[in-house]
Amino acid sequence: MKTKLKLSVACGIAALLVGFNVQAEEKTFSIGGDVELDLTAKDTDASGSSYYNGGRVKLNATGEMKGENGSFVKGVAQPLVPFKGDALGYDDVYLQFGRPAWDVQIGRFEGLDLFPAGKDTVVEHAAGMSHYGTNDSRGRKSNVIHTALHLKPNDATTFELGVMGTKNTSDYDKFTAIRPAISYKAGMATLRAGIESVKSDEAGDAAKEVSHTGFGLSGGFDLAGGSLNVNLAKKNYKKDAGADKTTYGVNYTQGPWGVGYIGAKEDYSSIDAKLNTFYAAYSIPLMGLKDATVTFAASTSKATDVGGTKGNDDNVNAFRTRFNYAF
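The structure displayed is predicted, hence computed values, not measured ones.

Peer 1: I'm lost on the pattern of salt bridges in this one. Help?
Peer 2: Where charged atoms of side chains with opposite charge meet at close range, the side chains can pair. A complete count under the given rule lists 17 salt bridges for this structure. Of the charged contacts, one joins K234 and D267 as a salt bridge, the two residues approaching to 3.5 Å between their closest N and O atoms. One end of the pair, K234, is in strand β11 (residues 226-237); the other, D267, is in the loop between β13 (257-266) and β14 (273-286), and 33 residues separate them in sequence. Classification of K234 by relative accessible area gives buried; the value is 18%.

Peer 1: Could you clarify how one ought to interpret the packing of aromatic side chains in this entry?
Peer 2: Two aromatic rings are characterised by how far apart their centres lie and by the angle between their planes. According to the stated counting rule, one finds five aromatic pairs in the structure shown. A centroid spacing of 5.0 Å and a plane angle of 50 degrees characterise the contact between Y172 and F175, whose relative ring orientation is tilted. Classification of Y172 as buried rests on a relative accessible area of 13%. Ring geometry for Y325 and F327: centres 5.9 Å apart, planes at 40 degrees, overall tilted.

Peer 1: Help me understand a positive patch on the surface in this model?
Peer 2: A surface patch of positive charge is lined by K167, K174, K199 and K238. With respect to the secondary-structure elements, K238 resides in the loop between β11 and β12 (245-254).

Peer 1: What's the story with unusual backbone geometry in this structure? I'm lost.
Peer 2: Located in the positive-phi region is A224, a residue other than glycine, with phi close to 50 degrees. In this fold, A224 is placed in the loop between β10 (209-223) and β11. For A224, a relative accessible area of 61% gives the class exposed. The phi dihedral of M287 is positive, around 60 degrees, even though this residue is not glycine. Among the secondary structure elements, M287 is positioned in the loop between β14 and β15 (289-304). Using a relative accessible area of 73% as the deciding quantity, one classes M287 as exposed.

Peer 1: Would you mind showing me how to read the pairing of β15 here?
Peer 2: A regular strand carries its side chains on alternate faces of the sheet. Looking at chain direction, β14 and β15 are connected through 13 bridges and run antiparallel. In the strand pairing of β15, Y279 is matched with S299. Connecting β14 to the antiparallel partner β15 that follows it, the hairpin turn spans two residues, and M287 within it adopts a positive phi of roughly 60 degrees. Direction of pairing for β15 relative to strand β16 (residues 314-326): antiparallel, over a ladder of twelve bridges. Within β16, the residue paired with F296 across the bridge is T321.

Conventions adopted
- Residues numbered from 1 in each chain as written.
- Predicted model: local features only at pLDDT ≥ 70, side-chain atom pairs only at ≥ 80, totals over all residues.
- Heavy atoms only, no water.
- Salt bridge = Lys/Arg side-chain N within 4 Å of Asp/Glu carboxyl O.
- Helix = DSSP H or I, 4+ residues; strand = E, 2+ residues; numbered from the N terminus.
- Buried < 20%, exposed > 50% of the residue type's maximum accessible area, 1.4 Å probe, protein only.
- Phe/Tyr/Trp six-rings, centres within 6.5 Å; stacked < 30°, edge-to-face > 60°.
- Patch = residues over 30% accessible without salt bridge, like charges linked within 9 Å, V, L, I, M, F, W, Y side chains within 5 Å.
- Areas by Shrake-Rupley, 256 points an atom, 1.4 Å probe, with all protein chains shown as cover.
- Lys, Arg positive; Asp, Glu negative; His and termini not counted.
- Charge placed at Lys NZ, Arg CZ, Asp CG, Glu CD.
- Pairing = 2+ DSSP bridges.

All we've got here are geometric facts, nothing functional implied.
Here it is in structure tokens:
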């Protein structure tokens, strides 16, 4: 009888403790989003003038459960409804769990930004050239699973190890990537560094294997009430799969306005192709409401010796008006 009594008391205490743990968990759910509409005018040497619209309505659903010891489980879904066309898309869709000092993120998302461009409302590069920001395996690739381990040993340091992979899909015969990156904040400065190693075989083109390695360095500084970013990235292809590329940039954002510059160089055996792009943007409240803005943005870009061909140059000027409302 005593044994049964002691056992029942112990079970009662355990049940009470479990009940307290359940009650201590905090569950939250939020839903919101924003509307973004772009009206863009562009003029190029190669194809003349064009005018087009773009944008989307993004929904953001977030659910999270937290425990007393800092443990958490979080789920995010961000479907996109475009203003043109009938194909629905999505930004982030992921599951994340862990503790304050570490967590694991799985799904579709973007990793640490190693080439922050500031207020880049419109950045149209000439001749179809692009800039490299150590971002080929940063994330948000269709049909590719993305997993990242985050370590936060202190308030100043964040380490991220991203891994991506897929095989025999509509986009890739095979895609594998690893991307370690670190961010460190020291007073008014934030330093970021990372590398990536990518192996990619695009679907339907099995004869061409595109593999490369790259690195990125970035410094962010609080300056005169604004934010200054200085970026550098380098991309090296394997097996002559493409032209090696170096990208550099600087931008400054303060309140409603921002300006920036991005330069790039592609290495060819005969001559190097070069790209220089300048951009700027300014936002004002729409109808005097803080959650609604209209942004006027412009960029100008020049590319020379594109593809390693002397005299193959192009110029592009673009202007964009963007309406945004967050709900």
